[in-house]
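# Close look at the chain arrangement
One letter stands for each residue in the lines below.
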Amino acid sequence: MANIDSELHDRFERYADSKDDQLPPEILGELQSMLRLYSVTPEELYFKWEAYTMKMGGDDIKMDLKTARDFKKNIQDSLERESRGKATARAAEKRVAPTPRAGTKGDVFGMLDSLVPGTPRARLPNATNGSATKRKSNFDTPVSKASKLHERSSPGAAPASSAPVFTFAERENAGDISEQLNGHIEIPDPPEENPAEARIKLKANTDMSKFSYKTMAMKLSEASEVLDDRIDEFRELIQQHHNLSDEAFGNPAAQRTSEIIAVGRIASDSSEGKLNSASLVLESSRRTGSGARVPLQVDALPSYNFFPGQIVALRGTNASGEFFAVSEVLSIPLLLEPATKPDELDVYNSRFLDTPDSDPSNPRPMTILVAAGPYTTDQNLDFSPLQALLDQATTTHADALILFGPFLDAEHPLIRTGDFDVPPHLSNPDTATLSDLFKHHISSALQAFTQKVPTCSVTLVPSLRDTHHRSPAFPQDKFPKRELGLPRQVQCVTNPMMLSMNEFIVGMSSVDVLDMLRREECVGGKARGVNIYERAARNLLEQRSFLPVFPPTGREKLAGLGQVEEKFISVKEGEVGVDEDRPSPFLPLGTMVDTSYLKLGEMLNVRPDILITPSVLNPSVKVVESVLVINPGTLSKRRAAGTYARMIVIPRAVENEEREKGFAVGHRMWQRTRVDIVRI
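Description of the structure in this document. Just so we're clear, the structure is a prediction, and the values are computed from it rather than from any experiment.

What follows deals with the nonpolar core. Counting residues in each nonpolar core, the largest one holds 48 residues, and the members touching the most others are Phe12, Leu31, Leu45, Met63 and Leu611. Counting only elements with at least two residues in this core, the list comes to helix H1 (2-12), helix H2 (25-38), helix H3 (42-55), helix H4 (65-91), helix H11 (513-520), helix H12 (532-543) and strand S22 (627-631). Excluding its chain neighbours within four sequence positions, the residues that come into contact with leucine 31 are Leu8, Phe12, Leu23, Leu45 and Met63. Formed by 39 residues, the second largest nonpolar core is a distinct cluster that contains Leu386, Leu408, Phe420 and Phe438.

This is the structure:
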């Protein structure tokens, strides 16, 4: 009990007005009550609190007795909604409807359904409980509005909420720094004269031509071979790293008393629920174990951290033939650290000078801004946060701007409902597309920015939630630059991407893998004491993948979408009514994966100097295995302003000893880069 109280103090103390680093007794009592009532750990309760603060629209929420009770009520309401949803699903039965009669209000053959306003549908054979449902639609002629009248479409209605309207211009704490690394490096002043040319040279370390594949065309045989090959590749890496013989490896599903090393993929014995120590299974490849799965017993391990899709090497025995008892988890070798020769570094260091006449002893550090969508709140599509970021980049004369999607978010209430104005410059609104909306809101803003700062390199990374993009699956192709009318200084890259910016390498992906690992991981022993961001980042580097979780988190487990006004019309026995208890059919998009091309989502040759992984989790910056791991957060929240990351990079000084040897040297980005998480 003392350990639990201590962990509660550590996790929640900074949110309360506490004395001597201790929570007030009444708040501690409420938190202990939640642990008992809902059977959760302090860590899980902390994650629920983070989600609650994001839902309430701000990071400045303080935990007092009233807030703690509201938080408790929120958890209870969520559990009740989940319970009602499951009960409704279990109770649903399919019935065969009788032949419609002429005496009903609907037409006999159902020919007028969906054609004449107010005409109810007759009951359909596949309707739940003998009734059909239809979303209430507005049949008035729209005025310059994008609308949909299909019965499964989102309704053309604005978000319905009693919450106060958030005005971005009245936001508080703009410019505050919430987290910082290497604060001793000073922020440079804007240059007195514009640089002669762009100071950052971009080079793709990823073959982007391979991402233009045809989605939804994979074969099961190809997908299984990709998954098997990954296990076999890691087996060879581990064998070379630990100097093991072929005889040391074996089939974990085969009964034997001697100790072996098994390499395989972590999975769960159930498709539902969260991975835990009782549901762990190891899936071997067809080459080493005929693709069989065997339960794992990990009680003897002092520390472990597993998640679905993780490739692991386990030492243990299967004496009974029923389970594999693990005695040790072997380490997986990391990719090499990127390095550059001293004479090449001298060339890159010369780019820190604005002009050839600049003082070489006083180079101006480079400024890089990083932001991730959404770029506007749920209440409108004015993209004020994006404009504020571009204004900041103009003021600081940024050298590079990295923007992650989503730009036109498919989960935005106005995009989902189609309740938005088409661009006014279009002569025929009926032919307007979402690409036109992108040009109007995004491309035009970037055009104006690049005219003000022509030497800034702008990089756009797509998201699976970008509704205007034709590539919906991970790995994801780049934006069509010409079709979107983007300026010359903008570079469109794939998702994921390994990009060289001068000498250092930046790995980037818009998939929220940090939140995915937090939801799916199974942690025990000493590993619980490691920060979630450090655990997740180390897993990414060890697995050499931007998306090591397989299968990805199900969309039904993700946070709910912003509310819109939606009513379900129930037609039963000719009577029309509103079904208030029916759950919304709209779920978060989740992460669609094309398994046959997962190889494109791996890190190749070297690990990045900087790893950027935007997430809905609290923005953070960590150094893991000499890699600078940055979560810039989202630039806009549903009803609040968000954050972005500002990087200040100074030149890599080459020591005389390193220059004499002439060998390639590491870039030490974690040492010469200041990172600020800034409120927009």
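Here we come to the layout of surface pockets. Where empty space is left in the structure can be found by rolling a water-sized probe over the atoms. Here the second largest pocket is characterised by a volume of approximately 770 Å³. Lining the second largest pocket are 31 residues, with Arg14, Tyr15, Tyr46, Glu50 and Asn618 positioned closest to its centre. Per element, the largest residue contribution to the lining of the second largest pocket is 5 residues, and it comes from H3. When grouped by side-chain class, the residues that make up the lining of the second largest pocket number 9 nonpolar, 8 polar and 14 charged.

All right, on to the sheet that holds strand S4 (residues 256-268) then. With mixed pairing, 5 strands are arranged side by side around a closed barrel as S4-S5-S6-S9-S8. In this sheet, adjacent strand axes meet at a mean angle of 55° when their direction is disregarded. As defined by bridge partners, strand S8 (residues 311-318) adjoins strand S9 (residues 324-330) across 5 bridges and the pair is classed as antiparallel. Across the sheet, the residue bridging to leucine 314 is valine 329, located in S9.

Turning to the pattern of salt bridges, a few remarks are in order. Per the stated rule, a full pass over the model turns up 30 salt bridges. Put simply, aspartate 354 and arginine 199 hold a salt bridge, and the shortest N to O gap is 3.6 Å. Of the two residues, aspartate 354 sits in the loop between helix H7 (342-350) and strand S11 (366-372) while arginine 199 sits in the loop between strand S2 (177-181) and strand S3 (202-204), which places them 155 residues apart along the sequence. You'll find aspartate 354 and arginine 199 in the same group, each marked buried. Across the pair arginine 286 and aspartate 228 runs a salt bridge, and its minimum N-O distance is 2.5 Å. Of this pair, arginine 286 sits in helix H6 (residues 286-289) while aspartate 228 sits in helix H5 (residues 220-242); the two residues are 58 residues apart in sequence, bridging distant segments of the chain. Each member of the salt-bridge network shares a partner with another, and the members are Arg199, Asp354, Arg364 and Asp399.

Take the environment of proline 363 next. Tracing the backbone through its elements, the reader meets proline 363 in the loop between H7 and S11. Sequence-wise, proline 363 and isoleucine 650 are 287 residues apart; in three dimensions their C-alpha atoms are separated by 8.2 Å. Discounting chain neighbours no more than four positions away, the residues touching proline 363 are Phe352, Leu353 and Pro651.

All right, on to the packing of H1 against H2 then. Between H1 and H2, the shortest axis-to-axis distance is 11 Å and the interhelical angle comes to 115°. Judged by the sense of rotation from one axis to the other, the crossing of H1 with H2 is right-handed. In this structure, H1 contributes Ile4, Asp5, Leu8, His9 and Phe12 to the contact, and H2 contributes Leu28, Leu31, Gln32 and Leu35. Here the residues of the contact of H1 with H2 are counted per class, giving 6 nonpolar, 2 polar and 1 charged.

By the secondary structure assignment, leucine 389 is in helix H8 (residues 384-396). Along the backbone, leucine 389 and tyrosine 375 are 14 residues apart, and their C-alpha atoms lie at a distance of 9.6 Å. Ignoring anything within four residues of it in the chain, the contact list for leucine 389 reads Leu369, Ala371, Leu401, Leu403, Leu635, Tyr644 and Ile680.

Counted according to the given criterion, the structure contains 11 aromatic pairs. Centre to centre, the rings of phenylalanine 407 and phenylalanine 479 are 5.8 Å apart; their planes meet at 65°, and the pair counts as edge-to-face. Of this pair, phenylalanine 407 sits in the loop between strand S12 (400-404) and helix H9 (413-417) while phenylalanine 479 is found in the loop between strand S13 (457-461) and strand S14 (490-492), placing the two residues 72 residues apart along the sequence. Like phenylalanine 479, phenylalanine 407 is buried. Taken together, Tyr375, Phe407, Phe438 and Phe479 form an aromatic cluster joined through their ring pairs. The positively charged end of arginine 235 is found above the aromatic ring belonging to phenylalanine 249, 4.4 Å away from the centroid.

Each value, and the rule that gives it
Residues numbered from 1 in each chain as written. Predicted model: local features only at pLDDT ≥ 70, side-chain atom pairs only at ≥ 80, totals over all residues. Heavy atoms only, no water. Core = buried A, V, L, I, M, F, W, Y, C linked by side-chain atoms within 4.5 Å. Buried < 20%, exposed > 50% of the residue type's maximum accessible area, 1.4 Å probe, protein only. Helix = DSSP H or I, 4+ residues; strand = E, 2+ residues; numbered from the N terminus. Contact = heavy atoms within 4.5 Å. 1 Å grid on protein atoms, 1.4 Å probe; cavity = no way out; pocket = protein on both sides within 12 Å on 5 of 7 lines; lining within 4 Å. Points joined across faces, edges and corners; volume = space filled by probe spheres on them. Nonpolar A, V, L, I, M, F, W, Y, C, P; charged D, E, K, R; others polar. Pairing = 2+ DSSP bridges. Axes fitted to C-alpha atoms, helices over the stretch in contact; angles between N-to-C directions. Salt bridge = Lys/Arg side-chain N within 4 Å of Asp/Glu carboxyl O. Left-handed = near helix turned anticlockwise from the far one by under 90°. Phe/Tyr/Trp six-rings, centres within 6.5 Å; stacked < 30°, edge-to-face > 60°. Lys NZ or Arg CZ within 6 Å of the ring centre and 35° of its normal.

Worth remembering: the numbers are spatial, not functional.
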